[in-house]
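Observations on chain architecture
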Amino acid sequence: MDTQVLIDEAIESLQSQIDDTAIIACSGGIDSTVAAVLAHKAVGSMLRCVYVDTGLMREGESEEVESMFSELGIDLRVVDASQSFFRSLSGVVDPEEKRKEIGEQFIRVFEEEQRVCEAKYLVQGTIAPDWIESGGGERDVIKSHHNVGGLPEDVDLDIVEPLREFYKDEVRAMARHLGIQSSERQPFPGPGLAVRVLGEVTPDRVASCREACHIVEKRIREAASDGRCDLPWQYFAALLPVRSVGVHGDVRVHGETVVVRAVASLDGMSARYSDLPQDLLAEISTEITNSLKGQVNRVVYDITHKPPGTIEWE
Ligand code: XMP
């Protein structure tokens, strides 16, 4: 269907669902940004956009989100909740438990916001793969994406999901139509770097993962713009709690492992690993081990398709 028609229908549907103050968590990702722009077009100042700084975002991400919303002409309230997110994740290693804790923290922040603005609705950027893979319909739970499985039972807001029936490529087309500058940005999971830090999520380990992700993103983007490879659909690093022996100079170190992941995909439902040039992988490996000396002494490349793997490691 024509993208403008989809947009008009989504706006109309939002107008029929929202008759009072609504809030939305804006991560800067394409899904929540499209949902926010549609809802803002539908109900204007009845919508309160909130950006939660979870401490789990990528390098420079918070600043980018703020400037994107200011260019879109939408007010954005920024809440720094990183301390409570890290507190709630202390000692948690199970991926599903992490998502539940994170979902719960988001909701707590929103309950606080709700008290302030007396919101009745919570708009979410859930797209079709989120609920299908979270056990929608007859399927097994693959991962409870935070905006589905992490919701506590007692949430006191009506949930509105304007993108629930859409796939990523359709949401991207809407974003381009709406003039959203992040429309070509790669997807980033709602729970942020927490699902790329395997094992316990501590501020130090998140900082290492953030640096490794930054190096992977920067190097691959540069290589793609120099024509050395195609730009993958998604490309990032994850930190594994696997320690191996290495050497720095004459010193033996027992550091952790970074895995580099890059995949080609259309909608995230299936994916093929990207066959990146060997010299590019070597450059990424060297920069990561130099930059994270003493913490990371081994870099590996993931050559698993989805299925059987998933794109993220958790
Ligand atoms: P997987 O890892 O399930 O990922 O193959 C498919 C796509 O979804 C993203 N992803 C998430 N997005 N909350 C999200 O909003 C999540 O918990 C989550 N887990 C994975 C992933 O980055 C990929 O684009």
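Reading the values: the criteria
- Residues numbered from 1 in each chain as written.
- Predicted model: local features only at pLDDT ≥ 70, side-chain atom pairs only at ≥ 80, totals over all residues.
- Heavy atoms only, no water.
- Helix = DSSP H or I, 4+ residues; strand = E, 2+ residues; numbered from the N terminus.
- Rg over C-alpha atoms; globule rule 2.2 N^0.38 Å.
- Buried < 20%, exposed > 50% of the residue type's maximum accessible area, 1.4 Å probe, protein only.
- Areas by Shrake-Rupley, 256 points an atom, 1.4 Å probe, with all protein chains shown as cover.
- Lys, Arg positive; Asp, Glu negative; His and termini not counted.
- Charge placed at Lys NZ, Arg CZ, Asp CG, Glu CD.
- Domains from an automatic or database assignment.
- Contact = heavy atoms within 4.5 Å.
- Buried area = accessible area lost by both parts, 1.4 Å probe.
- Salt bridge = Lys/Arg side-chain N within 4 Å of Asp/Glu carboxyl O.
- Polar contact = N/O pair within 3.5 Å; in protein donor to acceptor, adjacent residues only side chain to side chain.
- Nonpolar A, V, L, I, M, F, W, Y, C, P; charged D, E, K, R; others polar.
- Pairing = 2+ DSSP bridges.
- Right-handed = clockwise from strand over helix to strand, strands pointing away.

Some words on the overall build of the protein chain
- A tally of regular secondary structure across the protein chain gives ten helices and nine strands.
- In terms of overall dimensions, the protein chain is globule-like: its C-alpha atoms have a radius of gyration of 20 Å, near the 20 Å expected for 314 residues.
- C-alpha extents for the protein chain along the principal axes are approximately 65 × 40 × 40 Å.
- Out of the 314 residues in the protein chain, the part that is buried amounts to 54%.
- A total accessible area of about 14,300 Å² is found for the protein chain, and carbon and sulfur atoms account for 46% of it.
- Taking the average place of the 32 positive charges on the side chains of the protein chain and the average place of its 55 negative ones, the gap between the two points comes to 6 Å.

Observations concerning the domain arrangement of the protein chain
- Partitioning the protein chain into domains gives domain 1 (3-186) and domain 2 (196-301).
- Centre-to-centre separation of domain 1 and domain 2, based on C-alpha positions: 27 Å.
- Counting from both sides, the interface comprises 20 residues of domain 1 and, opposite them, 18 residues of domain 2.
- Counting the surface lost from both domain 1 and domain 2, the interface buries some 1,600 Å², and carbon and sulfur atoms represent 57% of this.
- Ranking the residues of domain 1 by area buried against domain 2 places Glu59, Phe86 and Gln186 at the top, with a combined share of 35%.
- Across the domain 1-domain 2 interface, the total number found is one salt bridge.
- Residue Glu217 is joined to Arg58 by a salt bridge in which the shortest nitrogen-to-oxygen separation is 3.2 Å.
- At the junction of domain 1 with domain 2, the criterion picks out eight residue pairs in polar contact (both at pLDDT 80 or more).
- Listing elements by their share of the side of domain 1 that touches domain 2, those giving two or more residues are helix H4 (82-89), helix H6 (128-133) and helix H8 (168-177).
- Of the residues contributing to the side of domain 1 that touches domain 2, the split by class is nine nonpolar, four polar and seven charged.

Focus on the pairing of strand S3 (residues 76-80)
- Sheet topology places strand S2 (residues 47-53) next to S3; five bridges connect them, and they run parallel. Pairing of Val50 across the sheet is with Arg77, part of S3.
- For the handedness criterion, the β-α-β arrangement of S2, helix H3 (residues 61-72) and S3 is classed as right-handed.

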